Amino acid sequence: MAGFTDLQDPHLSVFSYPLPDGVRPSALAHRIGMSRQATNYLITQMEALGYLERRATEGGGERRLVHLTERGWQVGEVIFACLRDLQAEWAEAIGPERFDDFMDVLRRLAADEQQVLSSQ
């Protein structure tokens with residue numbers, strides 16, 4: 001993928017929206033539907049590859065948050081550029097009004113899903 005040949009399929013789940021910058025590893029695990037143990041293993045792999053880093057919270061406690069590195073942000077930009085291209089292609093295929101309606105439905109479904117997740 002665009003020069004990021006060291007990424008494997010499980011790594012790509014980490015780059016789902018919103019990008020994981022300043023999140024707890026347990027929140028990332030929940031978001032991508034993996035166990036905490038599997039997610040920590042994935043984070044460790046991605047740290048070694050230079051896409052993520054864990055940083056201590058500002059209070060200096062032992063709690064560490066996951067942040068994207070510059071290389072991780074580059075992957076996010078490539079993904080979002082591909083999505084923008086795909087959206088433009090679909091809008092051209094079905095017309096801008098129908099595409100806007102489609103995007104409104106997707107946003108509504110995403111908001112509903114977020115509300116369900118936040119109530120758990």
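Remember, predicted model here, so these are calculated numbers, not experimental data.

Participant: Which residues make up the overall build of the protein chain, and what are the values?
Facilitator: When helices and strands are tallied, the protein chain shows 5 helices and 2 strands. Sequence-ordered secondary structure for the protein chain, helices as α and strands as β, is α-α-α-β-β-α-α. Over its C-alpha atoms, taken along the principal directions, the protein chain stretches across nearly 50 × 40 × 25 Å. Here the protein chain holds 120 residues, and the buried ones make up 26% of them. The long-range fraction of contacts in the protein chain, counting pairs at least 24 apart against all pairs at least 6 apart in sequence, stands at 44%. Within the structure as shown, the protein chain displays about 8200 Å² of accessible surface, and the carbon and sulfur contribution to it stands at 53%. Charge separation in the protein chain, taken as the distance between the mean sites of 12 positive and 18 negative side-chain charges, equals 9 Å.

Participant: Go over unusual backbone geometry, please, and point to the residues and values.
Facilitator: Most peptide bonds take the trans form, and the phi angle of most residues other than glycine is negative. Of note, the amide linkage connecting tyrosine 17 to proline 18 takes the cis form, showing an omega dihedral of -5 degrees. Residue position: proline 18 is located in the loop between helix 1 (9-12) and helix 2 (25-32).

Participant: Hey, could you go over the pattern of salt bridges for me, with residue numbers and the actual values?
Facilitator: In this structure the tally under the stated criterion is 5 salt bridges. The residue glutamate 47 makes a salt bridge to arginine 54 at a minimum N-O spacing of 3.1 Å. Arginine 107 is the salt-bridge partner of aspartate 104, the closest N and O atoms lying 3.6 Å from each other. Of this pair, aspartate 104 and arginine 107 both sit in helix 5 (residues 96-119), 3 residues apart, which is roughly one turn of that helix. Of the residues examined, aspartate 104 reaches a relative accessible area of 45% and is grouped as partly exposed.

Calculation rules
Residues numbered from 1 in each chain as written. Predicted model: local features only at pLDDT ≥ 70, side-chain atom pairs only at ≥ 80, totals over all residues. Heavy atoms only, no water. Helix = DSSP H or I, 4+ residues; strand = E, 2+ residues; numbered from the N terminus. Buried < 20%, exposed > 50% of the residue type's maximum accessible area, 1.4 Å probe, protein only. Contact = heavy atoms within 4.5 Å. Areas by Shrake-Rupley, 256 points an atom, 1.4 Å probe, with all protein chains shown as cover. Lys, Arg positive; Asp, Glu negative; His and termini not counted. Charge placed at Lys NZ, Arg CZ, Asp CG, Glu CD. Salt bridge = Lys/Arg side-chain N within 4 Å of Asp/Glu carboxyl O.

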